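Letter by letter, the chains look like this.
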Amino acid sequence: MTPSSAAPSSSSPAPSPGSSAGGDDRPALAAAVHGVDKTLLKVEPVAVNRVEGRHLVVQLRLSNAGTEEDISWTGPMGDSTRPLGQIRWASGIGVLDGAAHRLLLPYKPADGVCLCSDQDRDDLPYSLEPGESITVYGVLPAPSGEPETVTIVTPETAPMFDVPVSDEPPVPAPGMALPDPGAQQVSTLSHPVQVPSESLDKSEETADDGRDLRVSLSSDVLFAVNKATLTPKARSVLARTAKLVDASTGPAVTVEGHADSSGTDAINDPLSRRRAQAVQRALSSLVTRDGIAFEAKGYGSRRPLYDNASDEGRRRNRRVTVTFLKPETATPSPTTTSTAAPGAEGSKATSRAEGQPFGLEVTGLRTLPGQLAVLTYRVTNNGDQEAHYNELSRSSEWMSYKYRSASNVRLTDVAARREYLPGRIMVTTDDDTDAYCACSETAGVRLSAETFGPGQTREYWTLFALPSGTASLKLRVGDFPELRVAVD
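Residues numbered from 1 in each chain as written. Predicted model: local features only at pLDDT ≥ 70, side-chain atom pairs only at ≥ 80, totals over all residues. Heavy atoms only, no water.

Per an unreviewed UniProt entry, the protein chain goes by the name OmpA family protein and belongs to Nonomuraea roseola. Among the UniProt annotations of the protein chain, the heading Subcellular location (unreviewed entry) holds the following wording: "Cell outer membrane". (UniProt positions renumbered as here; feature names shortened; annotations may be inferred.)

See the structure below:
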């Protein structure tokens, strides 16, 4: 791309009318469809080009595949992790960089909102009539390792896997002007993705961000109430953590004590510091690798992982977190490898909501680089009346996310005695870090995602860590009976 072909910034005059508003007959590289019956938004990648080894230009064809109703595309394709004001950009075009555990989104120009299609600037229709198509683009950082294919994520659809990447110069759709990211100042939007898991005895929770491993040890297991002396059970919990530190090659280990919101800073601050120091001393004696520098800190209640409004949130916030460079084996290994998990055979289950029969169908548990996996599934109202299936968002940690989502999904490795929670997209703001579920959204323009008409089916997805050496896992979705799902 050359500066002469660059699209103007979001504040610049529009290019030729009708820019990319149809006429793009390139074959689809993948496809995903959102909606049912009369309202179907079809999303098809038609070109993915790596530019200068550093940028990725993604072009998506959006089509109204329904039969009667117009479909708005700006809201469904908008990135909910950034403040937009108006909703008019294709800012939700994303790529999942599994190897780096990051979600890559379109750049933010210095004088605009998004280096992507702009409905106003590009003279694009706000809604698509049945049969109408447009092509939109996003320019984002290239994923690490120069992969031959990528996984494309949009807010409205399940991820699209194995989309081929070309190193040839991008060819725009008819009437489209593609920008040159090297010709202007841009900010990178690349959000870390953490994938947590928890031991079934609730003694520890890990969060893997692709670089570091954070092992949060339950203070309820390590210590008596208001005490900083390790309990007899603490040694076995710390021994598992010490094995992970030994498997790491990092020279530094940080130990942080945290409290829930009960009590005052005068109590919580020194108690959290003493607890961190106690864990540091114990780990120092258990770790066999030389040359490790330990550092202990206490933060009181100032850095909660979960909302303190619930007993479960407070329990998880009472912790000592041990952070170090991720070893190759990111979670404690079982003594025997799990090859099967108990649960119903097959990929389907049934439940009821508001008097209506509902069905669950698992469509895949797909492996990705970086020891990740994406679960895809469908929920159908098999009744004759409209009903809400709200169990999808009723997870124990729902208040810890920025917005409601279909987060009430769990994978369990029975042999390893570990439960895998939905991944978290960590978005840094001026004041804090917000957590978004790496799963289907049920808030904002997707408030109706848990409302089902008679016979209506909706598709959902969730990102998880993937335990190595496991052929199948136990799955729980909402209040559907547990299933056993194979790893693709």
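Caption draft 1: The overall build of the protein chain, seen in detail. Helices and strands together make up the secondary structure of the protein chain, namely 4 helices and 28 strands. Principal-axis analysis of the C-alpha atoms gives the protein chain an extent of 70 × 55 × 45 Å. In the protein chain, buried positions account for 54% of the 488 residues. Partitioning the intrachain contacts of the protein chain with sequence separation of at least 6 by distance along the chain shows that 69% fall at a separation of at least 24. Split by element, the accessible area of the protein chain, about 20,100 Å² in all, is 49% carbon and sulfur. For the protein chain, the separation between the mean place of its 49 positive charges and that of its 62 negative charges on side chains is 9 Å. (Helix = DSSP H or I, 4+ residues; strand = E, 2+ residues; numbered from the N terminus. Buried < 20%, exposed > 50% of the residue type's maximum accessible area, 1.4 Å probe, protein only. Contact = heavy atoms within 4.5 Å. Areas by Shrake-Rupley, 256 points an atom, 1.4 Å probe, with all protein chains shown as cover. Lys, Arg positive; Asp, Glu negative; His and termini not counted. Charge placed at Lys NZ, Arg CZ, Asp CG, Glu CD.)

Caption draft 2: Local environment of the state of the cysteines. If you walk through the whole model with that rule in mind, you get 2 disulfides. Each disulfide pairs two cysteine sulfurs, and for Cys114 the partner residue is Cys116, the sulfurs being separated by 2.1 Å. The two residues Cys114 and Cys116 agree in class, both being buried. Disulfide pairing places Cys437 opposite Cys439 at an S-S distance of 2.1 Å. A torsion of 130 degrees about the S-S bond marks the disulfide between Cys437 and Cys439 as right-handed. Exposure remark for Cys437: the relative accessible area of 8% places this residue in the buried category. Judged by relative accessible area, Cys439 falls into the buried class, the value being 4%. Numbered by order of appearance in the sequence, the disulfide-linked cysteines of the protein chain pair as 1-2, 3-4. (Disulfide = S-S within 2.5 Å.)

Caption draft 3: Structural view of helix 3 (residues 265-286). Under the 1.5 Å per step criterion, the end-to-end length of helix 3 is 31 Å for 22 residues, consistent within 8% with the ideal 32 Å. Among the residues of helix 3, Asn268, Asp269, Leu271, Ser272, Arg275, Ala276, Ala278, Val279, Ala282, Leu283 and Leu286 are the ones counted as buried. (Expected span 1.5 Å × (residues − 1).)

Caption draft 4: Broad picture of the nonpolar core. In terms of nonpolar packing, the biggest core is built from 45 residues, with Tyr377 and Leu463 touching the most fellow members. Per-element accounting of this core gives the leading share, 6 residues, to strand 19 (residues 372-381). Aside from chain neighbours lying at most four places away, what touches Leu463 is Leu96, Val193, Val195, Leu368, Leu372, Ala373, Val374, Leu421, Pro422, Gly423 and Ala438. Counting 26 residues, the second largest nonpolar core, distinct from the first, contains Ile71, Ala90, Leu104 and Val163. (Core = buried A, V, L, I, M, F, W, Y, C linked by side-chain atoms within 4.5 Å.)

Caption draft 5: Main features of the pattern of salt bridges. Going through the model one piece at a time under the given rule, you end up with 32 salt bridges. In this structure, Asp167 engages Arg50 in a salt bridge whose closest nitrogen and oxygen atoms are separated by 2.8 Å. Note that Asp167 is positioned in the loop between strand 10 (160-164) and strand 11 (186-199) and Arg50 in strand 2 (residues 39-51), a separation of 117 residues in sequence. For Arg88, the salt bridge is made with Asp120, and the minimal N-O distance between the two is 3.5 Å. Note that Arg88 is positioned in the loop between strand 4 (71-72) and strand 5 (94-97) and Asp120 in the loop between strand 6 (102-109) and strand 7 (127-128), a separation of 32 residues in sequence. Taking relative accessible area as the criterion, Arg88 reaches 13% and is therefore assigned buried. (Salt bridge = Lys/Arg side-chain N within 4 Å of Asp/Glu carboxyl O.)

Caption draft 6: Local environment of the UniProt feature "domain: OmpA-like" (unreviewed entry) in the protein chain. Under the present numbering, the feature "domain: OmpA-like" (unreviewed entry) in UniProt falls on residues 210-328. This span, residues 210-328, is 39% helix and 23% strand, and a straight line between its end C-alpha atoms measures 10 Å.

Caption draft 7: Geometry of the side chain of Ser407. The residue Ser407 is located in the loop between strand 20 (387-388) and strand 21 (409-413) in this model. By relative accessible area, which is 1% here, Ser407 ends up buried. With residues near it in sequence (within four places) discarded, Ser407 still touches Leu392, Ser393, Ser395, Glu397, Tyr401, Pro422, Cys437 and Cys439.

Caption draft 8: The packing of aromatic side chains, seen in detail. In the structure shown here, the tally under the stated rule is 5 aromatic pairs. On the numbers, 5.5 Å between centres and 20 degrees between planes, the contact of Tyr377 with Tyr460 is stacked. Taken together, the residues span a long stretch of sequence, with Tyr377 in strand 19 and Tyr460 in strand 26 (residues 457-465) at a distance of 83 residues. Both residues of the pair, Tyr377 and Tyr460, belong to the buried class. Within the aromatic cluster, the residues linked to one another by ring pairs are Phe358, Tyr389, Phe452 and Phe480. Here the guanidinium or amino end of Arg303 rests over the ring plane of Tyr299, the centre of that ring lying 3.9 Å away. Positioned above the aromatic ring of Phe452 is the side chain of Arg458, whose terminal nitrogen or guanidinium carbon lies 5.8 Å from the ring centre. (Phe/Tyr/Trp six-rings, centres within 6.5 Å; stacked < 30°, edge-to-face > 60°. Lys NZ or Arg CZ within 6 Å of the ring centre and 35° of its normal.)

Caption draft 9: Expanded view of the sheet that holds strand 18 (residues 356-368). The strand order 17-18-19-26 describes an open sheet built from 4 strands, whose pairing is antiparallel. Lying at the two open borders of the sheet, with one neighbouring strand each, are strand 17 (348-353) and strand 26. In this sheet, adjacent strand axes meet at a mean angle of 25 degrees when their direction is disregarded. (Pairing = 2+ DSSP bridges. Axes fitted to C-alpha atoms, helices over the stretch in contact; angles between N-to-C directions.)

Caption draft 10: Just unusual backbone geometry, in detail. Residues other than glycine seldom take positive phi values, yet Glu52 does so here, at roughly 55 degrees. Counting through the fold element by element, Glu52 comes out in the loop between strand 2 and strand 3 (55-64). On the basis of relative accessible area, Glu52 is assigned to the exposed category, the value being 54%.

Caption draft 11: View of the confidence of the model for the protein chain. Averaged over every residue, the pLDDT of the protein chain is 88; the share at 70 or more is 91%. Counting contacts from residues 1-21, a segment whose pLDDT is below 50, to residues more than four positions away or on other chains yields 59 contacts. Scored below 50 in pLDDT, residues 330-345 shows 42 contacts in the model against residues more than four places distant or in partner chains. (pLDDT = per-residue confidence, 0-100.)

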